Amino acid sequence: MVSMAKIVSMAACILLSITAMAIPLLMLKKRSSKIETGLSGAVAYGFLGYVWQSVLSVFLVVLVNWIPIFGSGGFRTFAVNFLGMLCGVACTALSLFWGIYLTNQKQRSLYRSAAVGIGFSLGKTTVEYIALYVRDIYYSIQINNGSYQGSDDIKRLILERSAATAFTGMYKCLVMFVIIFAITLIMGSFYLQNENKKAWISVICLYGGVILINIILRQIFDGDSKTAYDVSYIVVYTALAGGAGAILYHWFRHGVVEPNPLAAIRGMKEGRGS
């Protein structure tokens, strides 16, 4: 049996995730509605960008696994994982640039670029968390009714999940939302300044660093309990999201994108002091 607490927690995670991403979008629309329209289209470009980059990333990872030039053993595993990470980062950078480029064709606006980041995060959250939680709620009801006919692996996953792990997954989703939002804003700022090279480099370095940190954490806590990995993830990525949040707050307050989070934090303090 799946407890009602688990089912309610998964439903709450879905609602909280959607609300958390809707709030900044509504703030952008309210602030930019007097000067432009088209944010909904920018969100759609970001969402579609996530979908097609996911498909392309999977194809490239399969292709990398098929290449026989890496030998065997531990080196092959490292090489395949590293190249897979590079493919994912490159596809993410390409999808964000694609969305920013398309949405700024008729009217150039940093608000539209920011909305692309929201749409990309919405796609990531929908595919990687919301859709899975909706599936698990449906299967949980079937398990309780005795009509479940799915795989044993999914059933075991549902039964082992607790309300705490459900909210942990949601929190991971939200911190990544803030980080991707800030990265997209930085890329859009460089694009609008006609500095396309910096736009590409910023996303590849920043997003690549974010993914690399996660890989390092998995390697460090390989063989340990999942709780140790989750705690380390939350601590590290909360700090990263704090820096990203400072960049977003500085832009929203001052209208200028400051890619350096430390400078953004200093600007926030100076603004309060004045």
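Participant: Explanation requested: the overall build of the protein in the structure shown.
Facilitator: Looking only at helices and strands, the protein has 9 helices and 0 strands in total. Compactness check: the protein gives a C-alpha radius of gyration of 20 Å against a globular reference of 19 Å for 274 residues, within 12% of the reference. Oriented by its inertia axes, the alpha-carbon framework of the protein measures out at about 60 × 50 × 40 Å. For the protein, contacts bridging at least 24 residues in sequence account for 73% of all contacts bridging at least 6. Total accessible area on the protein is roughly 14500 Å²; 67% of this is exposed by carbon and sulfur atoms. Charged side chains in the protein number 23 positive and 12 negative. The centres of these two groups are separated by 10 Å.

Participant: Explanation requested: the pattern of salt bridges in the structure shown.
Facilitator: Should their charged atoms come close, side chains of opposite charge can pair. Within the structure shown, the criterion is met by 6 salt bridges. Two residues, Glu 128 and Lys 124, come together in a salt bridge whose shortest N-O distance is 3.2 Å. Highlighted residues: Glu 128 and Lys 124, both in helix α4 (residues 110-145), separated by 4 residues, approximately one helical turn. On the basis of relative accessible area, Glu 128 is assigned to the partly exposed category, the value being 30%. The salt bridge involving Arg 135 is made with Asp 136; its shortest N-O contact spans 2.8 Å. Among the residues examined, Arg 135 registers a relative accessible area of 26% and is labelled partly exposed. In the salt-bridge network here, residues are joined through shared partners; they are Arg 135, Asp 136 and Arg 161.

Participant: What's the story with the side chain of Thr 125 in this structure? I'm lost.
Facilitator: The topology assignment puts Thr 125 in helix α4. A relative accessible area of 2% places Thr 125 in the buried class. Beyond its immediate stretch of four places on either side in the chain, Thr 125 contacts Ser 17, Met 21, Ile 130 and Cys 173.

Participant: Please explain the packing of aromatic side chains as it appears in this structure.
Facilitator: The description of an aromatic ring pair uses the distance of the two centres, along with the angle that the planes make with each other. Inspection of every chain in the model, using the stated rule, returns 12 aromatic pairs. Pairing Tyr 111 with Trp 251 gives two aromatic rings, centres 5.6 Å apart and planes at 55 degrees, and the pair type is tilted. Here the residue Tyr 111 occupies a position in helix α4, and Trp 251 occupies one in helix α8 (residues 226-254), the gap between them amounting to 140 residues. Measuring from ring centre to ring centre gives 4.2 Å for Tyr 233 and Tyr 237, while their planes differ by 10 degrees; the resulting arrangement is stacked. Separated by 4 residues within a single helix, Tyr 233 and Tyr 237 lie in helix α8, roughly one turn from each other. Residue class for Tyr 233 comes out buried when judged on its relative accessible area of 8%. Classification of Tyr 237 as buried rests on a relative accessible area of 1%. Put simply, the rings of Tyr 45, Trp 52 and Trp 98 pair up and form one aromatic cluster. Above the ring of Tyr 233, the side-chain terminus of Lys 172 is found at 5.0 Å from the ring centroid.

Participant: Sorry if this is basic, but what is going on with the packing of α4 against helix α5 (residues 152-160) here?
Facilitator: Geometry of a packed helix pair, given as the angle between the helix axes and the separation of the axes. The geometry of α4 relative to α5 is characterised by a closest axis approach of 10 Å and an angle of 95 degrees between their N-to-C directions. The orientation of α4 with respect to α5, classified from their angle, is roughly perpendicular. Of the residues in α5, those touching α4 at Arg 135, Asp 136, Tyr 139, Ser 140 and Ile 143 are Ile 154, Lys 155, Leu 157 and Ile 158.

Participant: Honestly, the nonpolar core in this entry has me stumped. Any pointers?
Facilitator: If you look at the biggest cluster of nonpolar residues, it comprises 49 residues, and the most contacted ones within it are Leu 28, Met 176, Ile 179, Tyr 237 and Trp 251. For this core, the secondary-structure elements that each account for two or more residues are α1 (4-32), α2 (39-66), α3 (74-103), α4, α6 (163-192), α7 (196-220) and α8. It is α6 that contributes the most residues to this core, 13 residues altogether. Each residue touching Ile 179, except ones within four places of it in the same chain, is listed here: Val 210, Tyr 237, Leu 240, Ala 241 and Ala 244. Membership of the second largest hydrophobic core comes to 16 residues, among which are Ile 7, Cys 13, Ile 130 and Ile 137.

Calculation rules
Numbering of residues starts from 1 in each chain and follows the order in which that chain's sequence is written. In keeping with the predicted nature of the model, local features appear solely for residues at pLDDT of at least 70, side-chain atom pairs appear and are counted solely at 80 or more, and the whole-chain, interface and lining totals rest on all residues. Hydrogens and water are ignored here; the side-chain numbers use all heavy atoms of the structure. A run of H or I in DSSP becomes a helix once it reaches four residues, and a run of E becomes a strand once it reaches two; helices and strands are each numbered from the N terminus. Radius of gyration here is computed from C-alpha atoms only, and the compact-globule reference equals 2.2 Å multiplied by the residue count raised to the power 0.38. Only heavy atoms matter for contacts: two residues are in contact if any of them lie within 4.5 Å across the pair. Surface accessibility follows the Shrake-Rupley procedure with a 1.4 Å probe radius. Residue values consider only the protein chains on display as shielding. For the charge count, each Lys or Arg is scored as positive and each Asp or Glu as negative, with His and the chain ends excluded. Lysine's charge is taken at NZ, arginine's at CZ, aspartate's at CG and glutamate's at CD. Salt bridges are counted wherever a side-chain nitrogen of Lys or Arg sits within 4 Å of a carboxyl oxygen of Asp or Glu. Here's how the labels work: a residue is buried when its accessible area is under 20% of the maximum for its type, exposed when over 50%, partly exposed in between, all with a 1.4 Å probe on protein chains only. Note on ring pairs: Phe, Tyr and Trp rings are taken, using the six-membered ring of Trp, and paired if centres are within 6.5 Å. Classes follow the plane angle, with under 30 degrees stacked, over 60 edge-to-face and the rest tilted. Should the NZ of a Lys or the CZ of an Arg lie within 6 Å of a ring centre and within 35 degrees of the ring normal, that charge is described as sitting over the ring. Only the stretch in contact is used when fitting a helix axis, every axis being a line fitted to C-alpha atoms; angles between N-to-C directions are given from 0 to 180 degrees. Each angle receives one of four descriptions, namely roughly parallel if under 35 degrees, roughly antiparallel if over 145, roughly perpendicular if within 65 to 115, and oblique otherwise. Residues belong to a common nonpolar core when they are buried Ala, Val, Leu, Ile, Met, Phe, Trp, Tyr or Cys residues joined through side-chain atoms within 4.5 Å.

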